[in-house]
Amino acid sequence: MDLFSSDNITNILPFDGVTNYHGVILDKEKADFYYQQLLENINWKNDEAIIFGKKIITKRKVAWYGESEYSYTYSKVTKTANIFTKELVELKEIIEKESGETYNSCLLNLYHSGDEGMAYHSDGEKMLKKNGAIASLSLGAERKFSFKHKESKQRIDVILERGSLLVMKKDTQTNWLHRLPPTKKVNSPRINLTFRTVEI
Ligand SMILES: O=C(O)CCC(=O)C(=O)O
Ligand SMILES: [Fe+2]
């Protein structure tokens, strides 16, 4: 396999958006190294969200990092970002080079097993740069990821391999929802990093 080549980048969406799957961009050794580092050194917290007016705590853990300690609102709860660690700066540089885009923040998700996932949504928070690229790096267990068109309801599935990069661009968030479906087939953890641009 030719790592770091741009030959095999494909837009997995048939229309109304551009979402490029770059395949595996980190070799096994690097993917394992960063997975372990992030598992140990990230300030993981159970996510809080307000759903139908009630505060809920998710099993999945999350963490927000950025270039400064900006405050942000996610799932109707306001929090403060952590400052990028050395490993996150390294990964950001690798991903910026691979995707040809820049980012100033990162949302990390830790799914302990296949029981944990994320429901259909699009990433359209007000603070996010409109139509800015969102680059998703997957570490640990391989999981299925699904898109659903908001009108036609067409579904597109992709397997996010360990060390792979998926970049959602242009009007993807306007026209498509995405989710990480729970699965009985996976019983080991996965870490996902989504690099984004927030307007501070
Ligand atoms: O875990 C993933 O692959 C995606 C996470 C996601 O969609 C998000 O954090 O907005
Ligand atoms: Fe998302």
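Remember, predicted model here, so these are calculated numbers, not experimental data.

## Quick notes on the UniProt feature "domain: Fe2OG dioxygenase" (unreviewed entry) in the protein chain
Per the UniProt record, "domain: Fe2OG dioxygenase" (unreviewed entry) is found at residues 102-199. Helix makes up 4% of residues 102-199 and strand 50%, whereas the separation of the span's terminal C-alpha atoms amounts to 13 Å.

## Things to note about the site of ligand 1
Surrounding ligand 1, one finds L107, N109, Y111, M118, H121, D123, F145, H178, R190, N192 and R196. In the environment of ligand 1, an oxygen atom lies 3.0 Å from a nitrogen or oxygen atom belonging to the side chain of R196. Considering ligand 1 on its own, with 300 Å² of exposed area, one finds that the protein chains cover 99% of that surface. Elements represented by at least two residues in the shell around ligand 1 include exactly β8 (105-111), β9 (118-121) and β15 (190-196). A per-class count over the shell around ligand 1 returns four nonpolar, four polar and three charged.

## Overview of the coordination of the iron ion (ligand 2)
Surrounding the iron ion (ligand 2) are the protein donor atoms H121 (NE2), D123 (OD), D123 (OD) and H178 (NE2), at 2.1 to 2.6 Å. Around the iron ion (ligand 2), the six donor atoms are arranged such that angles at the metal cover 50 to 171°; this shape is classified as irregular. Read in sequence order, the donor residues for the iron ion (ligand 2) give the motif H-x1-D-x54-H. With D123 in the loop between β9 and β10 (134-140) and H178 in strand β14 (residues 176-180), this residue pair connects regions lying 55 residues apart in the sequence. Take D123: its relative accessible area is 6%, and that puts it in the buried class.

## Here we look at the confidence of the model for the protein chain
For the protein chain, per-residue confidence averages 93 on the pLDDT scale, and 96% of positions sit at 70 or higher. Taken together, the chains of this predicted complex give a pTM of 0.94 and an interface ipTM of 0.99.

## Examining the pattern of salt bridges
Using the criterion set out here, one finds 13 salt bridges in the structure. Across the pair D32 and R162 runs a salt bridge, and its minimum N-O distance is 3.8 Å. Placement of D32 in helix α1 (residues 28-41) and of R162 in the loop between β12 (155-160) and β13 (164-169) is noted, with a sequence separation of 130 residues between them. R162 gets classed as partly exposed once you look at its relative accessible area, which sits at 35%. Overlapping salt bridges, with partners in common, bring together K28, D32 and R162 in one network.

## Here's the deal with α1
Between its first and last C-alpha atoms α1 spans 20 Å; for 14 residues at 1.5 Å apiece the expected length is 20 Å, and the two agree. Of the positions making up α1, those classed as buried are A31, Y34, Y35 and L38. Viewed along the axis of α1, the buried residues span an arc of 105°, placing them on a single side of the element. Of the exposed residues in α1, those oriented more than 90 degrees away from the buried face are E29 and E40. In this structure, the buried residues of α1 make contact with α2 (86-99), β8, β10 and β15.

Cut-off values and rules
- Residues numbered from 1 in each chain as written.
- Chains lettered and ligands numbered in written order.
- Predicted model: local features only at pLDDT ≥ 70, side-chain atom pairs only at ≥ 80, totals over all residues.
- Heavy atoms only, no water.
- UniProt positions renumbered as here; feature names shortened; annotations may be inferred.
- Helix = DSSP H or I, 4+ residues; strand = E, 2+ residues; numbered from the N terminus.
- Near = heavy atom within 4 Å.
- Polar contact = N/O pair within 3.5 Å; in protein donor to acceptor, adjacent residues only side chain to side chain.
- Areas by Shrake-Rupley, 256 points an atom, 1.4 Å probe, with all protein chains shown as cover.
- Nonpolar A, V, L, I, M, F, W, Y, C, P; charged D, E, K, R; others polar.
- Donors = N, O, S within 2.8 Å, 3.2 Å for Na, K, Ca; no water.
- Tetrahedral: all angles 85-135°; square planar, octahedral: opposite > 155°, others 65-115°.
- Buried < 20%, exposed > 50% of the residue type's maximum accessible area, 1.4 Å probe, protein only.
- pLDDT = per-residue confidence, 0-100.
- Salt bridge = Lys/Arg side-chain N within 4 Å of Asp/Glu carboxyl O.
- Expected span 1.5 Å × (residues − 1).
- Arc of directions from axis to C-beta.
- Contact = heavy atoms within 4.5 Å.

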